[in-house]
Amino acid sequence: MKPTIAPYPLTRFRRARQSSAIRGLVREHALTTDDLIWPVFVRDGEGIEEPVPSMPGVVRRSVDLIAKAAVEAQAIGIPAICIFPYTVPRLKTEDCAEAWNVDNLSNRAIRAIKSAAPDIAVMTDVALDPYNINGHDGYVVDGEIVNDQTVEALVKMTLAQAEAGADIIGPSDMMDGRIGAMRRALEGAGHHNVMILSYAAKYASAFYGPFRDAVGAAGALTGDKKTYQMDPANSNEALRLIERDLSEGADMVMIKPGMPYLDICRRVKDTFGAPTYAYQVSGEYAMIQAAAQNGWIDGEKVMLESLLAFKRAGCDGILTYFAPQVARILQG
Ligand code: PBG
């Protein structure tokens, strides 16, 4: 039964906003460090930390410094870190073989983090784009991004990551049928506890621009990703994709980008009740940082407000480049 709202002045909503104490008492949602997954960029070399110009405050780190960053993240309570490799052009090929090389950058970073900071969960990215000569997430055959052949490669990539010690596999490729194939392969190889966080509702978005600079994919990409990533105009399709991925064995699901798609987050959470995450992507991060650097907004306040919005929309957690800054603030 819907409670009735007594008319003014019996009800005065401002009573509940009169002081910090009362506002705290009636507050519905809160952001905590438990909600954070920190995406990091790894590059080759040693002792290197190189800024990403289009993402002020974000750097690409060599494996040794990634491990050090993971130790720091663990110390400030960040539960998970997500690795994205910057692959040098020479390792990008048509067959994308570097993707399942057990000693590739990403797999070395997993092992380094696992030995330096064993309590932080390590998440990976599964898609061919860092290794693909044409920058696409799948194989390109006669101008078409082919699905089933790509899924076979993604399975090999998944197994190499699980072997390296990944806790959470994050397929961001948007091929059909990959969740089931990956889940069966993981079970078959004895990786029963390795989780799959499906980028189930991933839109073909212009908000990924700075990320493609960060991983060195911007130059490589020919054409766009509209034949596999979702049309931003669709909402019901997101629900159907998420239902499909959950039925194939996804443990958690993601909506991406984040802030422009909060309506999808809410619908997904209400419909399935599954662990639901949003990715506050590179373009969202860059916009906030750029406006803050210009003095046009209070960067810290906007960061916290933007992340709280995900909690209000039903998300259980957020992938965000702000994770360390936020964790430090939340820890006081
Ligand atoms: C690639 C991938 C992308 C992002 C995560 N994984 C870019 C893309 O699909 O082109 C974007 C993340 C961000 O913008 O922060 N599979």
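Residues numbered from 1 in each chain as written. Predicted model: local features only at pLDDT ≥ 70, side-chain atom pairs only at ≥ 80, totals over all residues. Heavy atoms only, no water.

Caption draft 1: Spotlight on the overall build of the chain. If you tally the helices and strands in the chain, you get 11 helices and 12 strands. Rg of the C-alpha trace for the chain: 20 Å, near the compact-globule value of 20 Å for 332 residues, within the 12% margin. Projected onto its principal axes, the C-alpha positions of the chain cover 70 × 45 × 40 Å. The buried share of the chain, reckoned over its 332 residues, is 53%. Contacts spanning at least 24 positions in sequence make up 75% of the contacts within the chain whose residues lie at least 6 apart. Carbon together with sulfur atoms contributes 53% to the accessible area of the chain, which is approximately 15100 Å² in total. Positive and negative charge centroids in the chain, built from 34 and 41 side chains respectively, lie 9 Å apart. (Helix = DSSP H or I, 4+ residues; strand = E, 2+ residues; numbered from the N terminus. Rg over C-alpha atoms; globule rule 2.2 N^0.38 Å. Buried < 20%, exposed > 50% of the residue type's maximum accessible area, 1.4 Å probe, protein only. Contact = heavy atoms within 4.5 Å. Areas by Shrake-Rupley, 256 points an atom, 1.4 Å probe, with all protein chains shown as cover. Lys, Arg positive; Asp, Glu negative; His and termini not counted. Charge placed at Lys NZ, Arg CZ, Asp CG, Glu CD.)

Caption draft 2: Layout of the packing of helix α2 (residues 63-75) against helix α3 (residues 105-116). Two numbers describe how α2 lies on α3: the axes approach to 9 Å, and their chain directions differ by 40°. On the basis of the axis angle, α2 is oblique to α3. Handedness of the crossing formed by α2 with α3: right-handed. Here Val63, Ile66, Ala67, Ala70 and Val71 of α2 lie close against α3, whose contacting residues are Leu105, Arg108, Ala109, Ala112, Ile113 and Ala116. Within the contact of α2 with α3, the residues separate by chemical class into 10 nonpolar, no polar and 1 charged. (Axes fitted to C-alpha atoms, helices over the stretch in contact; angles between N-to-C directions. Parallel < 35°, antiparallel > 145°, perpendicular 65-115°, else oblique. Left-handed = near helix turned anticlockwise from the far one by under 90°. Nonpolar A, V, L, I, M, F, W, Y, C, P; charged D, E, K, R; others polar.)

Caption draft 3: Examining helix α7 (residues 236-247) more closely. The end-to-end C-alpha distance of α7 is 17 Å, a good match for the 16 Å that 12 residues give at a rise of 1.5 Å each. Buried within α7 we find Ala238, Leu239, Leu241, Ile242 and Asp245. Seen end-on, α7 carries its buried residues on one side only, within an arc spanning 165°. With respect to the buried face of α7, the exposed residues turned more than 90 degrees away are Asn236, Arg240 and Ser247. On the buried face of α7, the contacting elements are α5 (178-188), β9 (195-202), β10 (252-256) and α8 (262-272). Residue Gly249 follows α7 closely and has a positive phi angle near 110°. (Expected span 1.5 Å × (residues − 1). Arc of directions from axis to C-beta.)

Caption draft 4: Just the state of the cysteines, in detail. One pass over the full model with this rule turns up 0 disulfides. For the unlinked cysteine Cys82, the closest cysteine sulfur is that of Cys315, found at 16 Å. You can call Cys82 buried: its relative accessible area is 0%. Cys265 supplies the cysteine sulfur nearest to Cys315, a cysteine that is in no disulfide, at a spacing of 3.6 Å. Here Cys315 falls in the buried class, since its relative accessible area comes to 3%. (Disulfide = S-S within 2.5 Å.)

Caption draft 5: Layout of the pattern of salt bridges. Scanning all chains against the criterion turns up 19 salt bridges. As a salt-bridge pair, Lys68 and Glu72 come within 4.0 Å of each other at their nearest N and O atoms. Remark: Glu72 and Lys68 occur in helix α2; sequence separation between them is 4 residues, near one turn of the helix. Exposure remark for Lys68: the relative accessible area of 51% places this residue in the exposed category. Owing to a relative accessible area of 41%, Glu72 belongs among the partly exposed residues under this scheme. Note that Asp298 is salt-bridged to Lys301, the shortest N-O span being 3.6 Å. Judged by relative accessible area, Asp298 falls into the partly exposed class, the value being 40%. It is possible to trace a salt-bridge network through shared partners that takes in Asp173, Asp176, Arg178, Arg244, Asp245 and Glu248. (Salt bridge = Lys/Arg side-chain N within 4 Å of Asp/Glu carboxyl O.)

Caption draft 6: Local environment of the site of the ligand. The local shell around the ligand holds 18 residues, among which Lys202, Arg212, Lys256, Ser282 and Tyr321 are the closest. Here a nitrogen atom of the ligand sits 3.3 Å away from a polar atom, N or O, in the side chain of Lys256. Across the complex, the protein chains shield 100% of the 400 Å² of accessible surface that the ligand would expose by itself. Class assignment for the residues of the shell around the ligand results in 8 nonpolar, 3 polar and 7 charged. (Near = heavy atom within 4 Å. Polar contact = N/O pair within 3.5 Å; in protein donor to acceptor, adjacent residues only side chain to side chain.)

Caption draft 7: Fine view of the environment of Tyr199. Mapped onto the elements of the fold, Tyr199 is located in strand β9. By relative accessible area, Tyr199 is classed as buried at 0%. Beyond its immediate chain neighbours, meaning those up to four positions away, Tyr199 contacts Phe84, Met123, Asp125, Gly170, Pro171, Ser172, Met174, Arg178, Met254, Lys256 and Tyr279.

Caption draft 8: Focus on unusual backbone geometry. The omega torsion across Tyr8 and Pro9 is 10°, close enough to zero to call that bond cis. Residue position: Pro9 is located in the segment before α1 (20-26). The omega angle of the peptide bond from Lys256 to Pro257 is -5°, so this bond is cis rather than trans. Even without a glycine there, the phi angle at Cys96 is positive, about 55°.

Caption draft 9: Spotlight on the side chain of Ser198. Looking at the secondary structure, you find Ser198 in strand β9. For Ser198, a relative accessible area of 0% corresponds to the buried category. Within the local environment of Ser198, its side chain forms a polar contact with the side chain of Asp245, the two groups lying 2.5 Å apart. Leaving out residues up to four positions away in the same chain, Ser198 has contacts with Pro171, Arg178, Ile179, Asp245, Ala250, Met252, Val253 and Met254.

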